[in-house]
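Letter by letter, the chains look like this.
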Amino acid sequence: MLEIKNLHASVDGKEILRGIDLRIGDGEMHALMGPNGSGKSTLSAVLTGNPMYEVTEGSITFNGKDLLSMKPEDRAHEGLFLSFQYPVEIPGVSMTNFMRAALNGKRRYHGEKDLTAAEFIRLMKEKRTLLQLDNKLANRSVNEGFSGGEKKRNEIFQMAMLEPKLSILDETDSGLDVDAMKIVADGVNSLKRADTSCIIITHYQRLLEYLQPEIVHILYKGRIVCTGGMELSRRIEAEGFDWVRNAD
Amino acid sequence: MQIEIRKNDHKIIVDDFSASEMRMCLEEGATVDFYNIIDSDNMNTAPRSLSVVQHKQSTFRFHSVNIKGGSSSLSLSIRHEGDGAACVLNGCVVAGERDRVEHNIHIDHQAQYCSSSVLYKYVLSDEAVGVFSGRVLVRKGAQHTISDETNNNLCTSRACRMFTKPELEIYADDVKCSHGSTVGWLNEQALFYMQQRGIPLADAKRMLQRAFISEVLNRIPDKSRYAHLLSEPV
Ligand SMILES: Nc1ncnc2c1ncn2[C@@H]1O[C@H](COP(=O)(O)OP(=O)(O)OP(=O)(O)O)[C@@H](O)[C@H]1O
Ligand SMILES: [Mg+2]
């Protein structure tokens, strides 16, 4: 699915990612943890092609293709999805128009015809039910005036609509109440296929208990310093990151 | 061209762009919706002017839509002579290439309990030039005037230029007036968010521009007058 080799990236001339190597196979779920400011969101931004970040070294291959040479929208069309840590409000653009443009953008890229209005409405309804998202939210402008938790649920709704191959969930669990967390986790689990993969960025154990990732990485100062299983996330929950800092 | 609107009449006037100078007088209680919708058929780049005199309790609404590109220049001058007169001016402009779009507005509040509400939005790209000047004058006798004037602009290229000059001159002491203008860029974070979802950059830009002017379009009562100019349905 994804292969990152020796990735270095900087913002405003300051190096944030300092040599990342990461392989994610089809159907795998990985957790990415690490203290605040270690570079987790930067890695998501670089993967999705955010123009604010400059890649200075290294390569990323996504299903055999050179990801770094692709436009952000084409990366999405190839099946890359990011649930943003801070979803963006877009006043004046309705969720419906936004979602239709996104879906049809992907379909056109793959040489398919646009969805008919009826097909689109049916799909919206089906996925909205999955995330228990209120119809009213779907009629509003994208994320405008949504509560913190509604924004996060709306991200997973979009993931459900787009059915990506690789999803990055950047702190989707923060701001969710206990019930919403379960809805989101069930949603993510139900979208799991043998050929889809996931990177879960989180600070907490709860979502990971629902999703049961096979592999846990710890990112520290722009490098993956430790890789293991769920015992790593449990240790972080119990002890924090001091042992990682001390080992550094 | 001189147009008289009789007492309590409601007239819809659709600008055919033939006259370079128009005058209009609204008698007591008269209402006018004036549609100034520019499309490729009626393009007139010569400077034009419209002067409106409003008597008691009359309402003048002006709707200007120039979103398909093309240059235009219009001076609009409104005088409130009778108490309780109201005017609403809506303008939206989407200009590119080497277009130059100019709106000069002059509102003269001479009577009491009058109101004016001005909202103009420009989206500029390429080497387009936008000019907005809006002077609202509230004379000494024009107590209880309520006036707001807003000009918001979006620049989407380095070479485009916007000149904006909202002015408010008040000589009465019991009034509620505001005016202001902004010039901004497309929201980069929103653009990236849309691209990440698979919306091509050019489409994302178009959607944000459309969202920006929708506030003006929503203030225009008869959508069918401009609907044909939009790429997506209303
Ligand atoms: N656009 C930016 N401009 C300046 N500095 C940035 C920018 N983006 C990230 N950084 C810096 O890069 C470092 C890594 O930030 P990043 O957001 O990737 O951390 P994170 O691991 O996601 O942290 P958190 O757990 O708090 O979300 C931080 O020091 C941050 O201040
Ligand atoms: Mg982060």
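Quick look at the structure, then. All figures in this text were calculated on a predicted structure; none of them were measured in a lab.

## Some thoughts on the site of ligand 1
Residues and elements named next belong to chain A.
1) Next: Neighbouring residues of ligand 1: 16 residues in total, closest Gly37, Lys40, Thr42, Tyr53 and His203.
2) Next: In this structure, an oxygen atom belonging to ligand 1 sits 3.2 Å away from a main-chain N or O atom of Ser38.
3) Next: Taking Ser41, its side chain carries an N or O atom lying 2.9 Å from an oxygen atom of ligand 1.
4) Next: Protein chains shield 69% of the accessible area of ligand 1, which is 630 Å² for the free molecule.
5) Next: Looking at the shell around ligand 1, the elements that each hand over two or more residues are strand 2 (14-24) and helix 1 (40-48).
6) Next: Among the residues forming the shell around ligand 1, the class breakdown is 5 nonpolar, 8 polar and 3 charged.

## Regarding helix 2 (residues 201-217) of chain B
1) Next: With 17 residues, helix 2 of chain B should reach 24 Å at 1.5 Å per residue; the first-to-last C-alpha distance of 24 Å fits that figure.
2) Next: Largest kink in helix 2 of chain B: about 25°, centred on Ala211 of chain B.

## Some remarks on the coordination of the magnesium ion (ligand 2)
All names here are of chain A.
1) Next: Taken together, the protein donors to the magnesium ion (ligand 2) comprise Ser41 (OG) and Gln85 (OE1), at separations of 2.0 to 2.1 Å. Residue Ser41 is located in helix 1, and its partner Gln85 is located in the loop between strand 6 (80-83) and strand 7 (90-94); the two are separated by 44 residues in the primary sequence.
2) Next: Look at Ser41 and you get partly exposed, because its relative accessible area is 30%.
3) Next: Residue class for Gln85 comes out buried when judged on its relative accessible area of 17%.

## Overview of the pattern of salt bridges
1) Next: Scanning all chains against the criterion turns up 26 salt bridges over all chains.
2) Next: Residues Asp108 of chain B and Arg139 of chain B are paired through a salt bridge, measuring 2.8 Å at the closest nitrogen-oxygen approach. Of this pair, Asp108 of chain B sits in strand 9 (residues 100-109) while Arg139 of chain B sits in the loop between strand 11 (129-138) and strand 12 (146-155), placing them 31 residues apart in sequence.
3) Next: Residue class for Asp108 of chain B comes out buried when judged on its relative accessible area of 6%.
4) Next: Via salt bridges that share partners, Glu126, Lys127 and Glu163 of chain A belong to a single interconnected network.

## Quick look at the interface of chain B and chain A
1) Next: Of the residues lining the interface, 15 residues belong to chain B; the matching set on chain A comes to 30 residues.
2) Next: Here chain B and chain A share an interface that buries about 1800 Å² over both sides, 67% of which is from carbon and sulfur atoms.
3) Next: At the boundary of chain B with chain A, the tally comes to 1 salt bridge.
4) Next: Contributions of two or more residues to the side of chain B that touches chain A are made by helix 1 (188-196) and helix 2 of chain B.

## A closer look at the sheet that holds strand 2 of chain A
Residue and element names in this part refer to chain A.
1) Next: Taken in spatial order, the 4 strands make up an open sheet running 2-1-4-5, and their pairing is antiparallel. The open sheet is flanked by strand 2 and strand 5 (65-66), the only strands paired with a single partner.
2) Next: With 2 bridges connecting them, strand 4 (residues 54-62) and strand 5 associate as antiparallel partners. Among the inter-strand pairings, Phe62 is bridged to a residue of strand 5, identified as Lys65.
3) Next: Seen against the sheet, helix 1 touches strand 1 (2-11), strand 2 and strand 4 and runs at an angle of roughly 110° to strand 1.

## What to know about the packing of aromatic side chains
1) Next: The full count for this structure, using the stated rule, is 7 aromatic pairs over all chains.
2) Next: When the ring of Phe34 of chain B is compared with that of Phe60 of chain B, the centres are 6.5 Å apart and the planes differ by 55°; the resulting orientation is tilted. Placement of Phe34 of chain B in strand 4 (residues 31-37) and of Phe60 of chain B in strand 6 (residues 59-66) is noted, with a sequence separation of 26 residues between them.
3) Next: What makes Phe34 of chain B buried here is its relative accessible area of 1%.
4) Next: Taking the centre distance of 6.4 Å and the plane angle of 25° together, the rings of Phe60 of chain B and Phe62 of chain B count as stacked.
5) Next: A relative accessible area of 0% places Phe62 of chain B in the buried class.
6) Next: What links up through ring pairs into an aromatic cluster is the set Phe84 and Phe98 of chain A together with Phe192 and Tyr193 of chain B.
7) Next: When the ring centre of Tyr35 of chain B is taken as origin, the NZ or CZ atom of Arg225 of chain B, which lies over that ring, is 5.2 Å away.

Conventions used here
Residues numbered from 1 in each chain as written. Chains lettered and ligands numbered in written order. Predicted model: local features only at pLDDT ≥ 70, side-chain atom pairs only at ≥ 80, totals over all residues. Heavy atoms only, no water. Near = heavy atom within 4 Å. Polar contact = N/O pair within 3.5 Å; in protein donor to acceptor, adjacent residues only side chain to side chain. Areas by Shrake-Rupley, 256 points an atom, 1.4 Å probe, with all protein chains shown as cover. Helix = DSSP H or I, 4+ residues; strand = E, 2+ residues; numbered from the N terminus. Nonpolar A, V, L, I, M, F, W, Y, C, P; charged D, E, K, R; others polar. Expected span 1.5 Å × (residues − 1). Bend = angle between axes of the 7 residues up to and from the residue. Donors = N, O, S within 2.8 Å, 3.2 Å for Na, K, Ca; no water. Buried < 20%, exposed > 50% of the residue type's maximum accessible area, 1.4 Å probe, protein only. Salt bridge = Lys/Arg side-chain N within 4 Å of Asp/Glu carboxyl O. Contact = heavy atoms within 4.5 Å. Buried area = accessible area lost by both parts, 1.4 Å probe. Pairing = 2+ DSSP bridges. Axes fitted to C-alpha atoms, helices over the stretch in contact; angles between N-to-C directions. Phe/Tyr/Trp six-rings, centres within 6.5 Å; stacked < 30°, edge-to-face > 60°. Lys NZ or Arg CZ within 6 Å of the ring centre and 35° of its normal.

The analysis is restricted to geometry; functional conclusions fall outside its scope.
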